[in-house]
Amino acid sequence: MRTQSSPWAWASYLRWMLTSLVITIAAVGLFNVLVDPLGVFGSPRIAHINVIKPYLDHHRELARYQKAYRLCPNAGIFGNSRAEIGFDPESPIFANHGMTAFNHAIPGTSSSTSLQQIIWLKNAKCFPKTVFLGVEFFDFLGGSEPQTLPTLKTHPAPQLDAAFFAESVFSITGLRDSLATLFLQRSRHPATSTDRGFNPLFNYIPEVEQSGHYTLFRQHAEENLRRWTRKPFQLRPENGGVSDDEALLAAILTQAVQGGSTTYIIIYPYHAQIRLIIERLGMGQLFADWKRMVVRLAETSTDRGGRVEVWDFSGVGPETLEAIPVRGDRKAHLTYYWEAGHFKKKLGDLVIDRLLGEQNNFGVKLDNGNIESWLAEDRHRVQALLSSSSPLVREVDDLFAHKLRN
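Note that the coordinates shown come from a computational prediction; the quantities given were computed from them, not determined experimentally.

Enquirer: Just to check I follow, could you spell out the state of the cysteines for this structure?
Expert: Two cysteines, two sulfur atoms, one covalent bond between them: this is a disulfide. Following the criterion strictly, the structure yields one disulfide and no others. One disulfide in the model links Cys72 with Cys126; its S-S distance is 2.1 Å. Disulfide Cys72-Cys126: torsion about the S-S bond near -115 degrees, hence left-handed. Pair noted here: Cys72 is in the loop between α2 (60–71) and β1 (75–78) and Cys126 is in the loop between α5 (111–123) and β3 (130–135), with a separation of 54 residues, a long-range link.

Listed below in structure tokens is the structure:
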């Protein structure tokens, strides 16, 4: 015979269920805060638990801002994935010059993100005294119409608010990230990001061993060629006014002038493969015009009392001509490049060494006095290389032939 449960029994059961749920959610939250996969809480690093942080594609701006806010570095690196992967803020050169550096660069972002980050740091009274700013030619390509510049009011600094706690602490997503952090501690080549924002790209090592550098170069080259040819070959909007990226770069330099910072504008060390592609596409003169634009903006800031230097590392030389291994070679590991667009820490260190006065011949400092002679020499080197029969030129020829067939 079935007995009917009393209302008191049901109430006790519901209280037990609610208490268990609250305890479970709290335990998950505490666990996620302890593991701290995003590194936003500054939780202690525990061996085999959370020493290595996973490379996550969400809350990237928040994670970088919170880490930078705690560190309050006097040197900041800004840009896109080329800067994030290439410039290690823990390289000894920074400490040797009395700098505490942080890498703010975020993949897939433009100068708009860099400007936002600079505004946030300025408002937090952590504005870096030295700014290393990577500028991307292909962001300027197309000459997009200017947009409203970001301000602290329109783009406030990301905070550890209720929405973040709901999404990343008391959630399945947060638990997943924490568990991924635990498993990452045993990985030989973890996809990780350091406390200072540097992505060493360890996870590319197995890809090189499995497919070889050639495959990485080829895949990225084909993808880039498709993407670049979708844009108009121009730097200004149709009306001839200032483009969005030009306005953003000018705004960044204005912030640097107001903050009393020294700014190094870095034209990235593209592999010579990219330079040949630019030339074959008929954009060689446009690339030179873009450099003129960057130098002009820097000179304008200097005239207003700023300390701005423009350095071009995209020229054809021993470093940027590092030979691409042949198809099928899975043993060769390049010294300077992962593929044509992303350079390794060793080449990034050469860039920083050069900027801070160390003696090497890599890169050219540009100003009104030497830009025309350098652009002429640089273009001559690219065209001379293009007219040769080197393996690199044959690879570029094959790349374009493949594009025509498809």
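Still more ground to cover, so stick around.
Enquirer: Would you take a moment to explain the environment of Leu179 for this structure?
Expert: With respect to the helices and strands, Leu179 occurs in helix α8 (residues 172–184). Here the alpha-carbon distance between Leu179 and Asn50, two residues 129 residues apart in the chain, equals 9.8 Å.

Enquirer: Could you clarify how one ought to interpret α8 in this entry?
Expert: For an α-helix, 3.6 residues make a turn, and residues three or four places apart therefore share a direction. Counted at 1.5 Å a residue, the expected span for α8 with its 13 residues is 18 Å, and the 18 Å between its end C-alpha atoms agrees. Residues of α8 that are buried in the fold lie against α1 (7–35) and α7 (162–168).

Enquirer: When you look at the packing of aromatic side chains in this model, what are you seeing that I'm missing?
Expert: Aromatic rings in a pair are described by how distant their centres are and how their planes are angled relative to each other. Per the counting criterion, the structure on display carries 21 aromatic pairs. A centroid spacing of 6.0 Å and a plane angle of 85 degrees characterise the contact between Phe164 and Phe165, whose relative ring orientation is edge-to-face. Residue class for Phe165 comes out partly exposed when judged on its relative accessible area of 26%. An aromatic cluster is defined as three or more aromatic residues linked by ring pairs; in this entry it consists of Phe137, Phe138, Phe140, Trp228, Tyr270, Phe287 and Trp290. Above the face of the Phe400 ring, Arg280 is positioned so that its terminal group lies 4.5 Å from the ring centre.

Enquirer: Help me out: how do you make sense of the packing of α5 against helix α11 (residues 244–259) in this one?
Expert: Working note: a packed helix pair is described by the angle between its axes plus the distance between those axes. With their axes 9 Å apart at the nearest point, α5 and α11 run at an angle of 20 degrees to one another. With respect to their mutual orientation, α5 and α11 come out roughly parallel. The crossing of α5 and α11 is left-handed. Along the contact surface, α5 presents Ser111, Ser112, Ser114, Leu115, Ile118, Ile119 and Lys122, while α11 presents Leu248, Ala251, Ile252, Gln255 and Gln258.

Enquirer: Explanation requested: the sheet that holds strand β2 (residues 101–103) in the structure shown.
Expert: In a beta sheet, neighbouring strands are held together by backbone hydrogen bonds and run either parallel or antiparallel to one another. Here six strands make up an open sheet; going across it, the order is β2-β1-β3-β4-β5-β8 and the pairing mixed. The sheet is open, and its two borders are formed by β2 and β8 (364–366), each paired with just one other strand. For this sheet the average axis-to-axis angle between neighbouring strands, irrespective of direction, equals 20 degrees. Against the sheet, helix α14 (residues 345–355) engages β3, β4 (262–267) and β5 (307–312), with an angle of about 140 degrees to β4.

The rules behind the values
Residues numbered from 1 in each chain as written. Predicted model: local features only at pLDDT ≥ 70, side-chain atom pairs only at ≥ 80, totals over all residues. Heavy atoms only, no water. Disulfide = S-S within 2.5 Å. Helix = DSSP H or I, 4+ residues; strand = E, 2+ residues; numbered from the N terminus. Expected span 1.5 Å × (residues − 1). Contact = heavy atoms within 4.5 Å. Phe/Tyr/Trp six-rings, centres within 6.5 Å; stacked < 30°, edge-to-face > 60°. Buried < 20%, exposed > 50% of the residue type's maximum accessible area, 1.4 Å probe, protein only. Lys NZ or Arg CZ within 6 Å of the ring centre and 35° of its normal. Axes fitted to C-alpha atoms, helices over the stretch in contact; angles between N-to-C directions. Parallel < 35°, antiparallel > 145°, perpendicular 65-115°, else oblique. Left-handed = near helix turned anticlockwise from the far one by under 90°. Pairing = 2+ DSSP bridges.

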